[in-house]
Amino acid sequence: MDNPLVRLDPGLFIWTILTFLALLFLLAKFAWKPLLTALEERENKIKNSLEDAEKAKTELERLNAESEEIIAKARSEAQSIRVEAKAATERIKADLMAKAEADSKKILEEAEKQIHVEKDKAINEIRQEVVDISIAVAEKVIKKNLSKEDNQSLIEESLKNLQ
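Residues numbered from 1 in each chain as written. Predicted model: local features only at pLDDT ≥ 70, side-chain atom pairs only at ≥ 80, totals over all residues. Heavy atoms only, no water.

- Under an unreviewed UniProt entry, the chain has the name ATP synthase F0 subunit B and belongs to marine metagenome.

### Focus on the overall build of the chain
Stage number 1. Of regular secondary structure, the chain possesses 2 helices and 0 strands.
Stage number 2. Compactness check: the chain gives a C-alpha radius of gyration of 62 Å against a globular reference of 15 Å for 163 residues, more than 25% above the reference.
Stage number 3. Structurally, the chain occupies a C-alpha span of about 190 × 30 × 15 Å along its principal axes.
Stage number 4. For the chain, the residues scored as buried account for 3% of the 163 residues in total.
Stage number 5. Carbon and sulfur atoms form 62% of the exposed surface of the chain, whose accessible area is close to 15100 Å². (Helix = DSSP H or I, 4+ residues; strand = E, 2+ residues; numbered from the N terminus. Rg over C-alpha atoms; globule rule 2.2 N^0.38 Å. Buried < 20%, exposed > 50% of the residue type's maximum accessible area, 1.4 Å probe, protein only. Areas by Shrake-Rupley, 256 points an atom, 1.4 Å probe, with all protein chains shown as cover.)

### Some points on the UniProt feature "coiled-coil region" (unreviewed entry) in the chain
Stage number 1. With numbering matched to this structure, UniProt assigns "coiled-coil region" (unreviewed entry) to residues 36-128.
Stage number 2. Taken end to end, residues 36-128 comprises 100% helix and 0% strand; its first and last C-alpha atoms sit 134 Å apart. (UniProt positions renumbered as here; feature names shortened; annotations may be inferred.)

### Section: the UniProt feature "transmembrane region" (unreviewed entry) in the chain
Stage number 1. As annotated by UniProt and renumbered to match this structure, "transmembrane region" (unreviewed entry) occupies residues 12-32.
Stage number 2. Across residues 12-32, the secondary structure splits into 100% helix and 0% strand, with the terminal C-alpha atoms separated by 27 Å.

### Comments concerning a negative patch on the surface
Stage number 1. Together, Glu118, Glu125, Glu129 and Asp132 line one region of the surface with negative charge.
Stage number 2. Tracing the chain through its elements places Asp132 in helix H1 (residues 10-142).
Stage number 3. By relative accessible area, Asp132 is classed as partly exposed at 38%. (Patch = residues over 30% accessible without salt bridge, like charges linked within 9 Å, V, L, I, M, F, W, Y side chains within 5 Å. Salt bridge = Lys/Arg side-chain N within 4 Å of Asp/Glu carboxyl O. Lys, Arg positive; Asp, Glu negative; His and termini not counted. Charge placed at Lys NZ, Arg CZ, Asp CG, Glu CD.)

### Here's the deal with the pattern of salt bridges
Stage number 1. Under the criterion given, the structure shown has 4 salt bridges.
Stage number 2. With a closest N to O distance of 3.7 Å, Lys47 and Glu43 form a salt bridge. Placement of both Lys47 and Glu43 in helix H1 is noted, with a separation of 4 residues, approximately one turn of the helix.
Stage number 3. Assessed through its relative accessible area of 45%, Lys47 is described here as partly exposed.
Stage number 4. A relative accessible area of 41% places Glu43 in the partly exposed class.
Stage number 5. Where Glu101 meets Lys105, a salt bridge forms, and the shortest distance between an N and an O atom there is 3.8 Å. Placement of both Glu101 and Lys105 in helix H1 is noted, with a separation of 4 residues, approximately one turn of the helix.

### Regarding the environment of Arg127
Stage number 1. Considering the arrangement of structural elements, one finds Arg127 in helix H1.
Stage number 2. Spatially, the C-alpha atoms of Arg127 and Ala74 are 78 Å apart, while their sequence positions differ by 53 residues.

Okay, structure coming up:
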């Protein structure tokens, strides 16, 4: 066993421990703190990223819910507008029908009045014609022209007989 690495040498053992402790002290003083600081910063950065992701997720959910609410409200308003438009159309249709019916009644009444006026006019013309014929026949029968008062009484008597 001549290998110096395998042999136990108390001097080497002490120097190895001293070297290890010195290295441990130097690492603790100069390297360990920056490594811990870097790890801490990385951990904080990851935490912040997770918190930001959670906030973004919450905001996205809120925006989705809000957009769904807006869409539902828009659909509801569209439905109410459609119902109001249908009701307005029905009202306009009913108004137009009522107006057309009133106009037709008015036209019918005016036509009936016109018919009545024309009928009365025709009856008066017929009466006048009958009177004129009666006077002509009476003149021929009597062979003379009657006075104005006689004509008037004859006309009135003829009219009474016609009715």
